[in-house]
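In case you want the letters, here they are:
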Amino acid sequence: MADTTRDSGSGISAFGKASADKRGSESQIDEAIDLVAREMTNLDAPAGMRAEVLARIESAPSRTGFALLPRLATAVSLAVIVLAVAAVLWFARPANRPETVAAINHSSPAQAPRAAKPETRSSETPAHTGLASTTPAGTRTGAATGPAAGGAIPAQPDQNATGAADMGPAALAQPEPIVIAALGPDALQIPAIGVEPIGDLKPITIQDIPVGSTENQSPSIRKFEDEPAPSGLCAEQAH
Amino acid sequence: MSTSGVSDSELVERARRGDHAAFGVLVDRHRTSAFRAALAALGSPDDAEDITQEAFVAAFRHLADFREQASFKTWLLAIAWRKALTRRRSVKAMVRRFVAPAEGTEWEFPDRSRGQERALIDSELGAHLKRLISGLSPKLRDVLLLTTSGEQTYEEIAVMLGIPLGTVKWRVAESRRQLKGKLAELGY
């Protein structure tokens, strides 16, 4: 594809000596390096390059759109990969698996009315007692509702409501309802505090103390008064 | 109209006005320099030819950005060099290097007629040097090949590679030092 025209000049003789006895001088090694390195790029560009370049320049507008195709394809491929990875990660979460989602979708319509209105605790109660005995919603789960609730059929799990019959062998069993007890401290047990009435009060007798008497003073005060005043202190401070 | 005595600047100005023939003259003038620079970076004549064409097309499209702070040749070589480096770092080029059978054999030497020079290069020392030059680090090998090609001055190479002139000279000297050291280990 390319013609080569180059004369290595005086490098030939130096190179020949170097390769002949392997003991060429440093300058001969330098010339050999130059010769080999020059040989590695010693090619002329093809003569037809001018025509090819001009052809590419003139066809550039029409090539622009096609040149974008690989980039567009790459971008689309990357987007698809990202979406696929995101979908895999989303479905990998247990709460987002299709069977779990289906179970939730099947069970939600049946459970929603239960949560919306009070539910009879037992279908037999109204018939036998005639009392409108009700319990708050959510205290009973998995029981039959709808038409079966009005009859005398005992409460049993409704498989249609849970969708368990539709699930394959790999499906999980109907999860037990999670009952979360209310958190909080137990009620404080405070013993009753009784207040007894005050009985008869005896009168307090206070004896008169004569002035200057030390009879009822504490011993420490008495000792302090017996000691002499320290030097440097005036009589008032000492007392 | 004859263009033999027309300067590059005049041809660039004509090409800016849409004169494709004037740009064709620029292609003829500088195709070998750009081709050899690309060959120094890539080692493959086919890749070098493709890169050279791409560089000329890119230069034509960006002629309006050419401020003539450097010569058209230097500007063109810088474009070609950047494109060659991009190609060298491409996945395809990396795969080609990984599947190369042995060190230093990935370089595609020009397929020229077997003359006296070729016979000498095929000798033992020439074979060692080919392998050692191919085994140099890309930075050292690039500068060594560009300087020995004789198509660019040291200053042009510095502008082309975007490095100081002193760095170019140091890399040339370092590449020669390493080659001589390895040749000495081989008994030369």
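## Structural notes on the overall build of chain A
- Counting secondary structure elements, chain A contains 9 helices and 2 strands.
- Shown N-terminal to C-terminal, the secondary structure of chain A runs as helices and strands in the order α-α-α-α-α-β-α-β-α-α-α.
- Burial statistics for chain A: of 239 residues in total, 13% are counted as buried.
- In chain A, of all internal contacts separated by at least 6 residues, the share reaching a separation of at least 24 is 41%.

## Describing the overall build of chain B
- Regarding its fold elements, chain B presents 10 helices and 0 strands.
- Each helix (α) and strand (β) of chain B, taken in turn from the N terminus, gives the series α-α-α-α-α-α-α-α-α-α.
- Taking all contacts inside chain B whose residues are at least 6 apart in sequence as the whole, residues at least 24 apart take part in 66%.

## Quick notes on the packing of helix α2 (residues 20-42) of chain B against helix α4 (residues 72-88) of chain B
Residue and element names in this part refer to chain B.
- The N-to-C vectors of α2 and α4 enclose an angle of 35°; their axes lie 9 Å apart at closest approach. Like other packed secondary-structure pairs, α2 and α4 cross with a definite hand, here right-handed. Along its contact with α2, which presents Leu 26, His 30, Ser 33, Ala 34, Ala 37, Ala 38, Ala 41 and Leu 42, the element α4 presents Phe 72, Lys 73, Leu 76, Leu 77, Ala 80, Trp 81, Ala 84, Leu 85, Arg 87 and Arg 88.
- Of the residues assigned to the contact of α2 with α4, the class counts are 13 nonpolar, 2 polar and 3 charged.

## Section: the nonpolar core
- Residues Ala37(B), Ala38(B), Leu76(B), Ala80(B) and Ile133(B) are the most contacted members of the largest nonpolar core, which totals 59 residues.
- Element by element, the count of residues in this core is highest for α2(B), at 11 residues.
- Those residues in contact with Ile133(B) that lie beyond four places of it in its chain are Val36(A), Ala37(A), Met40(A), Arg141(B), Leu144(B) and Leu179(B).

## Focus: helix α10 (residues 165-185) of chain B
- Given a rise of 1.5 Å per residue, 21 residues ought to cover 30 Å, and the 31 Å separating the end C-alpha atoms of α10(B) matches this to within 8%.
- Buried within α10(B) we find Val168(B), Arg171(B), Ser175(B), Leu179(B) and Leu183(B). One side of α10(B) holds all its buried residues, which, seen down the axis, span an arc of 100°. Away from its buried face by more than 90 degrees, α10(B) exposes Gly166(B), Arg177(B), Gly181(B), Ala184(B) and Glu185(B).
- Packed against the buried residues of α10(B) are α2 (26-40) of chain A together with α7 (124-135), α8 (138-149) and α9 (154-161) of chain B.

## Observations concerning the packing of helix α3 (residues 45-61) of chain B against α4(B)
Residues and elements named next belong to chain B.
- Two elements in contact, α3 and α4, have axes separated by 9 Å at closest approach and are oriented at 130°. Put simply, α3 runs oblique to α4. Read as a crossing pair, α3 and α4 show a hand that is right-handed. Between α3, through Asp 47, Ile 51, Thr 52, Glu 54, Ala 55, Ala 58 and Ala 59, and α4, the contact on the second element is made entirely by Leu 76, Ile 79, Ala 80, Lys 83, Ala 84 and Arg 87.
- Across the contact of α3 with α4, the residue classes break down as 8 nonpolar, 1 polar and 4 charged.

## Focus: the confidence of the model for chain A
Residue and element names in this part refer to chain A.
- Chain-level pLDDT for chain A is 64 on average; 43% of the residues reach the 70-or-more range.
- Segment residues 1-14 is flagged for pLDDT under 50; beyond a separation of four residues in sequence, or across chains, it makes 26 contacts in the model.
- This stretch, residues 112-165, has a pLDDT under 50; its non-local contacts, to residues over four places away or in other chains, come to 54 contacts.

Conventions used here
Residues numbered from 1 in each chain as written. Chains lettered and ligands numbered in written order. Predicted model: local features only at pLDDT ≥ 70, side-chain atom pairs only at ≥ 80, totals over all residues. Helix = DSSP H or I, 4+ residues; strand = E, 2+ residues; numbered from the N terminus. Buried ≥ 20, exposed ≤ 12 C-beta atoms within 10 Å, placed from the backbone. Contact = placed C-beta atoms within 7 Å. Axes fitted to C-alpha atoms, helices over the stretch in contact; angles between N-to-C directions. Left-handed = near helix turned anticlockwise from the far one by under 90°. Nonpolar A, V, L, I, M, F, W, Y, C, P; charged D, E, K, R; others polar. Core = buried A, V, L, I, M, F, W, Y, C linked by C-beta atoms within 7 Å. Expected span 1.5 Å × (residues − 1). Arc of directions from axis to C-beta. Parallel < 35°, antiparallel > 145°, perpendicular 65-115°, else oblique. pLDDT = per-residue confidence, 0-100.

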